[in-house]
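A look at the structure
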Amino acid sequence: MSSRIDAVLAHARARLDRLDPHAAAAAAAAGALLVDIRPAAQRSTEGEIPDALIIERNVLEWRMDPTCDARFPQVTGDDIKVIIVCSEGYTSSLAAASLQDLGLRHATDVVGGFRAWERCGLPTIAFSDKDRHLQ
């Protein structure tokens with residue numbers, strides 16, 4: 001028997017056009033917003049993706065809602081392409097579905113998350129505490 005969260009995850013993923021790490025990297029290079037939602041402790045252990053926006057999961061919806069005063073400045077409307085990254089691609093699916101619920105119809109995530117990104121040999125850097133981190 002599946003758990004309830006397995007059903008919620010399956011429902012979320014059914015409406016996402018999930019990207020493998022290479023497709024996500026290409027989309028980011030073409031202008032999509034790559035958003036890393038992992039907490040600082042996880043990023044400090046695993047590393048980061050260069051130029052990814054850091055918006056931890058607990059504030060994601062406020063920072064990505066185009067109608068919210070607390071939004072990230074690059075969130076200008078519902079048509080932006082947003083690609084969410086977590087550690088393994090579970091939390092990111094739920095987060096991307098939540099962003100779709102807010103109206104960001106092109107929100108999606110990376111299959112396998114940061115770990116798959118790294119396994120594919122895509123660029124990563126050591127954890128840093130730069131101004132690009134949004135809280």
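Cut-offs and rules
- Every chain begins its residue count from 1, and numbering advances along the sequence as written.
- Local features in a predicted model are, by the rule used here, given only for residues with pLDDT of at least 70; side-chain atom pairs are given and counted only at 80 or more, and totals for whole chains, interfaces and linings are based on all residues.
- Computation of side-chain values covers all heavy atoms of the structure but excludes hydrogens and water.
- Within 6.5 Å between ring centres, the rings of Phe, Tyr and Trp (the latter by its six-membered ring) count as paired, and their orientation is classed by plane angle as stacked under 30 degrees, edge-to-face over 60, tilted in between.
- In our convention, an over-ring charge means Lys NZ or Arg CZ found within 6 Å of a ring centre and within 35 degrees of that ring's normal.
- Note on terminology: a nonpolar core comprises buried Ala, Val, Leu, Ile, Met, Phe, Trp, Tyr and Cys residues joined through side-chain atoms within 4.5 Å.
- Remark: exposure states derive from per-residue accessible area (1.4 Å probe, protein chains only) relative to the maximum for the residue type, with buried under 20%, exposed over 50%, and partly exposed in between.
- The way it works is that DSSP assigns letters per residue, a run of H or I at least four long becomes a helix, a run of E at least two long becomes a strand, and they are numbered from the N terminus.
- We call two residues in contact when some of their heavy atoms are within 4.5 Å.
- To obtain the arc, one takes the directions from the helix axis to the C-beta atoms.
- In the analysis that follows, any N or O atom pair within 3.5 Å is treated as a polar contact, provided that within protein one partner can donate a hydrogen and the other can accept it, and provided that, for residues neighboring in sequence, both atoms belong to side chains.

The next thing to look at is the packing of aromatic side chains. Each aromatic ring pair is specified by the distance between its two centres and by the angle formed by the two planes. What the rule picks out here adds up to zero aromatic pairs. Above the face of the Phe-114 ring, Arg-38 is positioned so that its terminal group lies 4.2 Å from the ring centre.

Among soluble globular proteins, nonpolar side chains are generally buried collectively. Ranked by internal contacts, the top residues of the largest apolar core, which has 20 residues, are Val-35, Leu-60, Met-64, Val-82, Ile-84 and Leu-99. Of all the elements in the fold, those that place two or more residues in this core are β1 (33-36), β2 (53-55), α4 (60-64), β3 (82-85) and α5 (91-101). Not counting chain neighbours up to four residues away, the residues in contact with Ile-84 comprise Val-35, Ile-37, Leu-60, Ser-92, Ala-95, Ala-96, Leu-99, Thr-108, Asp-109 and Val-110. Leu-34, Ile-83, Phe-114 and Leu-122 belong to the second largest nonpolar core, which has 13 residues in total.

Moving on, we come to helix α2 (residues 21-29). Turning to α2, its buried residues are Pro-21, Ala-24 and Ala-27. The buried side chains of α2 occupy one side of the element, clustering within an arc of 125 degrees when seen end-on. Tucked into the core, α2 has its buried residues touching β3 and α6 (113-119). By the N-cap criterion, in which a side-chain oxygen at the helix start approaches the backbone nitrogen of a residue two or three places on, α2 is capped by Asp-20, the distance to His-22 being 2.9 Å. Trailing α2 by a residue or two, Gly-31 shows a phi angle of about 120 degrees, which is positive.

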